[in-house]
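# Structure assessment
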Amino acid sequence: MKKHFSFDQRLGISIPDITMEWAQYSDETQQAILFHWEQIRGSIPDRIADLEELINQKQAQLSNESNFKTSCELNSEIADLASIINDLWLWYRANQTVSDKMHQ
């Protein structure tokens, strides 16, 4: 099943890598893909919580930081983490709609 997913280093999860039209996959393959995706999808809130903890740590560092360059670096890291969280939520929500349609 891993051939239908690729690991996204930035997001820290595997994401679907579907190369054909959905209808071209056998029912068995579709179900296997959906099952695997639901396992991955279920881990997304935990991944987000981990990233939020990192943001909280960096914000705590930032509140005590007096060096301008370091403050800018921390702000950039916080923004990058927030962007990852946003993308993870998009995957979580968008693929729920797809999964719902596939189960109907």
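Keep in mind that what you see is a predicted model, and the values were worked out from it rather than measured.

To continue, consider the pairing of strand S1 (residues 5-8). The sheet contact formed by S1 and strand S2 (residues 13-16) spans four bridges and is antiparallel. By the bridge assignment for S2, Asp8 is matched with Ile13. The hairpin turn running from S1 into S2, its antiparallel successor, is four residues long, and Gly12 in that turn takes a positive phi close to 80°.

This part is about the nonpolar core. One recurring pattern in soluble globular proteins is that nonpolar side chains are buried together. Leu11, Ile13, Ile44, Leu51 and Leu88 are the most contacted members of the largest nonpolar core, which has 19 residues in total. Listed by contribution, the elements that provide at least two residues to this core are S2, helix H1 (27-63) and helix H2 (68-103). With eight residues, the single largest contributor to this core is H1. The contacts of Ile44, once residues within four sequence positions are left out, are Ile13, Trp37, Leu88, Trp91 and Tyr92.

What counts and how
Along every chain, residues carry numbers that run from 1 in the direction the sequence is written. Predicted model: local features are reported for residues with pLDDT of at least 70 only, side-chain atom pairs are reported and counted for 80 or more only, and whole-chain, interface and lining totals are derived from all residues. Side-chain measures here rest on the full set of heavy atoms in the structure, leaving out hydrogens and waters. DSSP-based pairing: two strands are paired if at least 2 bridges between them are found. Only DSSP runs of H or I reaching four residues or more are called helices, and only runs of E reaching two or more are called strands; each is numbered from the N terminus. Side-chain atoms within 4.5 Å are what join buried Ala, Val, Leu, Ile, Met, Phe, Trp, Tyr and Cys residues into a set we call a nonpolar core. Burial classes follow relative accessibility: with a 1.4 Å probe on protein chains only, a residue under 20% of its type's maximum area counts as buried, one over 50% as exposed, and anything between as partly exposed. Note on contacts: a residue pair is in contact if any heavy atoms of the two residues lie within 4.5 Å.

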